[in-house]
Amino acid sequence: MFHRLHRQLTFFCACVTSLIFLLLGIACLIVTESGFRSQEEAAFQKDLNTLYQNLSSQNTLSHQWIRQSAHTYQSVIRILDNGHPLFYGELDEEESTARLLDEAQETAASQFGLNLDMPSSRVITRHEEFTLKGEDGISYSASAALIPRQKGSLGVLVLHSLEPLSSRLRSLRLIFAGAGVAAVLLLTAFSWHFTKKVLAPVEENRKRQIQFVAAASHELRSPLTVILTTLSAVRSGILPKDDAFLDTLESEGTRMSRLITDMLQLANADSHSWSMFPVPTELDTLLLQTWESNESLASRKNLGWEIHLPDKEVPACCCDPERIRQVLSILIDNAFSYTPSGGRILLGLEVMGNQLCLSVSDTGPGIPDSEKSAVFERFYRADPSRKNKSHFGLGLSIAKEIVSLHKGQLLVTDTPGGGATFQVLLPCS
């Protein structure tokens, strides 16, 4: 499922980002092409002004000057003296060029009323610019002008090929197209790795959920099997109805109830619907009350049950006291379960800068360093020496969630001399 989702997200991200990039690229290309065309048009207009000014100021036109002007302005020039063409041998026009010049002359007369065959009585130069396309598909910038002279007027036709500009624009489009293809490939590769990284926590969470459901089903199946088997045996008369079997049913039912309660608490934590009621709390008082309430249990288990409180005044902590009691109860219950008779359990409180540290230390089998980071995982149990039927591996997960809601930390370290020490770090008010 995640592989398919990965491909779909990659395709979607690549399409969206590539589309945005291509639209921006096309916009940039249009602006760049427009700039090139404007530059070409401005350069052509500048050359025309220079040419027409020179033609107006010269009394005689030489063969060499016309050829030099055509070369300088990279254009084809036809000059009419009072409507009669000027021919200078080598200036005779090729057939295709002549047809294009004739077309330009007809366009100037028909569209702009600029008849170069008729002498003009105007005292100022008039010229019009337009675009033509030749038979070879090449576009030309064209200009037609009537320049007043002492005796009549000069008619001038100028054709400037736009093929160099078109070639530049084609090269520019190829560059943009290559950049676009490269960008699409890079964006696709980026989308593949990015979506994979984004989906990794989701996939990991899904795997953990599957493991959680499998572990929960296993834990629920055991007491449920005992209950159903016992009831069936009693009902069929295989087993007599006595208090021992009722005690078994009650014990297994209580065990199932406790497991379901733990699972519901974790579900509330996952959905961020866990209710919290923080108030300023004196943790030394809360710790002393917790120690007193567990004193008789420690005595029955033959455990040394000690408490250590700081001599100085402890600042108040803004927390939910009932939730902190729950955390301490989980840690103390673990310590009582895994500490052998004759062992010692220490409940402590310490001020550490702007944090308050609650600790529960035992002298049990301890937790290997390789497993310290895993003890807070759901349904986790350490080595066989720490397994217990009354513990499902959810308590520390619940405790960690509660501490996280208080913006604190839950840590586990080794007790000097052997055992495990759990520390709850909470910020001071």
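Above this note sits the structure.
The structure reproduced in this document is the subject of the present report. Fair warning: this is a prediction, and the values are worked out from it, not measured in the lab.

### Details of the sheet that holds strand β1 (residues 75-81)
Phase 1: Taken in spatial order, the 5 strands make up an open sheet running β2-β1-β5-β4-β3, and their pairing is antiparallel. Only two strands of the sheet have a single partner each, and these edge strands are β2 (84-85) and β3 (126-133).
Phase 2: When β1 meets strand β5 (residues 153-161), the two strands line up antiparallel, connected through 7 bridges. From the neighbouring strand, arginine 78 faces β5, where its bridge partner is leucine 157.
Phase 3: Helix α3 (residues 95-112) contacts β1, β3, β4 (139-148) and β5 of the sheet and is inclined by roughly 125° relative to β3.

### Observations concerning the side chain of lysine 372
Phase 1: Along the chain, the position of lysine 372 falls in the loop between β10 (355-362) and α9 (395-405).
Phase 2: Looking at lysine 372, the relative accessible area reads 13%, which means it is buried.
Phase 3: Among the polar contacts listed, one links the side chain of lysine 372 to the side chain of aspartate 414, at a separation of 2.8 Å.

### Re the nonpolar core
Phase 1: Leu328 and Leu358 are the most contacted members of the largest nonpolar core, which totals 39 residues.
Phase 2: Counting only elements with at least two residues in this core, the list comes to α6 (283-293), β8 (317-319), α8 (321-338), β9 (344-352), β10, α9, β11 (409-414) and β12 (420-427).
Phase 3: Ranked by the residues each element gives to this core, the list is headed by α8, at 8 residues.
Phase 4: Here leucine 358 is in contact with Leu283, Leu287, Ile324, Leu328, Gly348, Leu349, Phe422, Gln423, Val424 and Leu426, once residues within four sequence places are set aside.
Phase 5: Listed in part, the 17 residues of the second largest apolar core include Ile66, Ala70, Tyr73 and Val156.

### Some thoughts on a nonpolar patch on the surface
Phase 1: A surface patch of nonpolar side chains, amounting to about 390 Å² of accessible area, comprises Phe12, Val16, Ile20 and Leu24.
Phase 2: Counting through the fold element by element, valine 16 comes out in helix α1 (residues 2-57).

### Brief notes about the packing of α8 against α9
Phase 1: It is the contact of α8 with α9, at a shortest axis distance of 9 Å, that shows an interaxial angle of 150°. Put simply, α8 runs roughly antiparallel to α9. Two packed elements cross with a definite hand, and for α8 against α9 that hand is left-handed. Between α8, through Arg323, Gln326, Val327, Ile330, Leu331 and Asn334, and α9, the contact on the second element is made entirely by Gly395, Leu396, Ile398, Ala399, Ile402 and Val403.
Phase 2: When its residues are assigned to classes, the contact of α8 with α9 shows 8 nonpolar, 3 polar and 1 charged.

### A word on the packing of aromatic side chains
Phase 1: Tallied over the entire structure, the rule returns 4 aromatic pairs.
Phase 2: Considering the side-chain rings of tryptophan 305 and phenylalanine 336, the 5.3 Å spacing of their centres and the 70° angle between planes classify their relative orientation as edge-to-face. You can see tryptophan 305 sitting in strand β7 (residues 304-308) and its partner phenylalanine 336 sitting in helix α8, a full 31 residues away along the chain.
Phase 3: Classification of tryptophan 305 as buried rests on a relative accessible area of 10%.
Phase 4: In this structure phenylalanine 336 comes out as buried when scored by relative accessible area, which is 4%.
Phase 5: Measuring from centroid to centroid gives 6.3 Å for phenylalanine 376 and phenylalanine 422, while their planes differ by 85°, and the two rings are edge-to-face.

### As for unusual backbone geometry
Phase 1: Of note in the backbone geometry, glutamine 74 takes a positive phi value of approximately 50° without being a glycine.
Phase 2: The exposure class of glutamine 74 is exposed, given its relative accessible area of 59%.
Phase 3: Phi is positive for asparagine 302, close to 60°, though the residue is something other than glycine.
Phase 4: In this fold, asparagine 302 is placed in the loop between α7 (295-300) and β7.

### Some remarks on the sheet that holds β10
Phase 1: In space, the 5 strands of this open sheet follow the order β7-β9-β10-β12-β11, with mixed pairing throughout. Edge positions in the open sheet fall to β7 and β11, since each of these has one partner strand only. The average angle at which neighbouring strand axes cross in this sheet is 15°, direction not considered.
Phase 2: Sitting on the sheet, α6 touches β7, β9, β10 and β12, and the angle it makes with β9 is about 175°.
Phase 3: Of the strands in this sheet, β11 and β12 touch α9, which is tilted by about 130° from β11.

### Notes on the side chain of serine 361
Phase 1: Looking at where serine 361 falls in the secondary structure, it is placed in strand β10.
Phase 2: We classify serine 361 as buried; its relative accessible area is 11%.
Phase 3: Polar contacts involving the side chain of serine 361 include one to the side chain of threonine 421, which spans 3.0 Å.
Phase 4: When residues no more than four places from it in sequence are discounted, the contact partners of serine 361 are Arg344, Ile345, Leu346, Thr415, Ala420 and Thr421.

Cut-offs and rules
Residues numbered from 1 in each chain as written. Predicted model: local features only at pLDDT ≥ 70, side-chain atom pairs only at ≥ 80, totals over all residues. Heavy atoms only, no water. Pairing = 2+ DSSP bridges. Helix = DSSP H or I, 4+ residues; strand = E, 2+ residues; numbered from the N terminus. Contact = heavy atoms within 4.5 Å. Axes fitted to C-alpha atoms, helices over the stretch in contact; angles between N-to-C directions. Buried < 20%, exposed > 50% of the residue type's maximum accessible area, 1.4 Å probe, protein only. Polar contact = N/O pair within 3.5 Å; in protein donor to acceptor, adjacent residues only side chain to side chain. Core = buried A, V, L, I, M, F, W, Y, C linked by side-chain atoms within 4.5 Å. Patch = residues over 30% accessible without salt bridge, like charges linked within 9 Å, V, L, I, M, F, W, Y side chains within 5 Å. Areas by Shrake-Rupley, 256 points an atom, 1.4 Å probe, with all protein chains shown as cover. Salt bridge = Lys/Arg side-chain N within 4 Å of Asp/Glu carboxyl O. Parallel < 35°, antiparallel > 145°, perpendicular 65-115°, else oblique. Left-handed = near helix turned anticlockwise from the far one by under 90°. Nonpolar A, V, L, I, M, F, W, Y, C, P; charged D, E, K, R; others polar. Phe/Tyr/Trp six-rings, centres within 6.5 Å; stacked < 30°, edge-to-face > 60°.

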